[in-house]
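Spelled out, the chains give:
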Amino acid sequence: PMQMLGRPILHKQTAYGFYRPGATALANTLADLPFSASRIFIFNVITYFMPHLSWTAGGFFTSHLFTYLAFLAMQGFFRTLGTFCTNFDSAFRLATVVVPNMITYGGYLIPVFNIKRWLFWLAYADPIYYAFAGCMDNGFMRISLTCDGASVVPRNVGNLTQYP
């Protein structure tokens, strides 16, 4: 008797050749698209308009596209991780090693030009890097920033009149 935790029917039918594992993965992804699209859209409406970024349709939908594609890439990464690991504990342990490194080397915490030369490839293999770079380019290309003393935080105190 086959004892499998999780989805024994799926594993049994895959072993008999009824389903191909790739077809199941594609079906899961396509079934999740409408639900994830609505969740990511609500998230993007809040996070794009709350900091008063450019209130244009092009700016918002470009940011939405980058965020949604990064979400789909990370969803695919976690599904692949779940497929390769035998149980939840091993997948969770592996994810706790990989995901913080993806965030750290995504370009926000450590800029790519400051990453050690033998680790710079991590940024280019990371979907978070491309989404972050695209959202930053999209957000800052539409605004004009001035560099004067009133815009510097923290402001100069005492009799200092220029930025040190």
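The coordinates are above.
The present account deals with the structure reproduced in this document. Keep in mind the model is a prediction, meaning the values are calculated, not measured. (Residues numbered from 1 in each chain as written. Predicted model: local features only at pLDDT ≥ 70, side-chain atom pairs only at ≥ 80, totals over all residues. Heavy atoms only, no water.)

**A short note on the overall build of the protein chain**
As a reminder, the rule being used: Secondary structure elements are taken from DSSP: a helix is a run of H or I of four residues or more, a strand is a run of E of two residues or more, and numbering for both begins at the N terminus. Using a 1.4 Å probe on the protein chains alone, a residue whose accessible area is under 20% of its type maximum counts as buried, one over 50% counts as exposed, and one in between counts as partly exposed. We call two residues contacting when some pair of their heavy atoms lies within 4.5 Å. Only the protein chains shown count as cover for residues, and all accessible areas are computed by the Shrake-Rupley method using a 1.4 Å probe.
Across its full length, the protein chain carries six helices and zero strands. Taken from the N to the C terminus, the helices and strands of the protein chain come in the order α-α-α-α-α-α. Put simply, the protein chain has 164 residues, and 22% of those count as buried. Counting contacts in the protein chain only where the partners sit at least 6 residues apart, residues at least 24 apart contribute 47% of the total. Approximately 12500 Å² of the protein chain is accessible, and the part contributed by carbon and sulfur atoms is 68%.

**What to know about the packing of aromatic side chains**
The cut-off we apply is this: Stacked, edge-to-face and tilted labels apply to pairs of Phe, Tyr and Trp rings (six-membered ring for Trp) whose centres lie within 6.5 Å, assigned for plane angles under 30 degrees, over 60, and everything in between, in that order. Cation placement over rings: the criterion is NZ of Lys or CZ of Arg within 6 Å of the ring centroid and within 35° of the ring normal.
Evaluated as defined, the whole model comprises 13 aromatic pairs. Here tyrosine 124 and tyrosine 129 contribute two aromatic rings whose centre-to-centre distance is 5.5 Å and whose plane-to-plane angle is 75 degrees, an arrangement assigned as edge-to-face. Just above the ring of phenylalanine 120 sits the side chain of arginine 117; from NZ or CZ to the centre is 4.0 Å.

**Some remarks on the nonpolar core**
So the rule is basically this: We call a set of buried Ala, Val, Leu, Ile, Met, Phe, Trp, Tyr and Cys residues a nonpolar core when their side-chain atoms join them within 4.5 Å.
In terms of nonpolar packing, the biggest core is built from six residues, these being Tyr105, Val112, Ile115, Leu119, Ala123 and Tyr129. Leaving out residues up to four positions away in the same chain, isoleucine 115 has contacts with Tyr105, Ile110, Phe120 and Ala123. Within the second largest apolar cluster, five residues are counted, among which are Leu81, Cys85, Ala91 and Val99.

**Here's the deal with unusual backbone geometry**
Notably, histidine 52 is not glycine yet its phi reads approximately 60 degrees, a positive angle. Its place among the elements puts histidine 52 in the loop between helix H2 (21-49) and helix H3 (57-84).

**A short note on a nonpolar patch on the surface**
Worth spelling out the cut-off: In this scheme, patches are assembled from residues that exceed 30% relative accessible area and form no salt bridge. Like charges are connected within 9 Å, while nonpolar side chains (Val, Leu, Ile, Met, Phe, Trp, Tyr) are connected within 5 Å. A side-chain nitrogen of Lys or Arg and a carboxyl oxygen of Asp or Glu constitute a salt bridge if their distance falls within 4 Å.
On the surface, a cluster of nonpolar side chains totalling about 580 Å² of accessible area is made up of Phe41, Ile42, Val45, Ile46, Met50 and Phe61. If you tally residues by element for the nonpolar patch, the top one is H2, at four residues. Along the polypeptide, phenylalanine 41 turns up in helix H2. On the basis of relative accessible area, phenylalanine 41 is assigned to the partly exposed category, the value being 35%.

**Comments concerning the pattern of salt bridges**
Taken as a whole, this structure holds one salt bridge when the rule is applied. Measuring nitrogen to oxygen at the nearest pair gives 2.1 Å for the salt bridge that ties arginine 79 to aspartate 32. One end of the pair, arginine 79, is in helix H3; the other, aspartate 32, is in helix H2, with 47 residues separating them in the sequence. Taking the relative accessible area as the measure of exposure, arginine 79 reaches 29% and is therefore partly exposed.

**Some details on the packing of H3 against helix H6 (residues 127-140)**
Threshold: Fitted lines through C-alpha atoms serve as axes, helices being fitted only where they are in contact, and the angles separating the N-to-C directions of these axes extend from 0 to 180 degrees. An angle below 35 degrees is read as roughly parallel, one above 145 as roughly antiparallel, one from 65 to 115 as roughly perpendicular, and any other as oblique. Note on residue categories: nonpolar means Ala, Val, Leu, Ile, Met, Phe, Trp, Tyr, Cys or Pro, charged means Asp, Glu, Lys or Arg, and polar means any other residue, Gly included.
One can describe the packing of H3 onto H6 by two numbers: an axis separation of 9 Å at closest approach and a directional angle of 175 degrees. Between H3 and H6, the crossing angle belongs to the class labelled roughly antiparallel. Across the interface between the two elements, Gly58, Gly59, Thr62, Ser63, Phe66, Thr67, Ala70, Ala73 and Met74 of H3 pack against Pro127, Ile128, Ala131, Gly134, Cys135 and Asn138 of H6. Looking at the contact of H3 with H6, its residues break down into eight nonpolar, seven polar and no charged.

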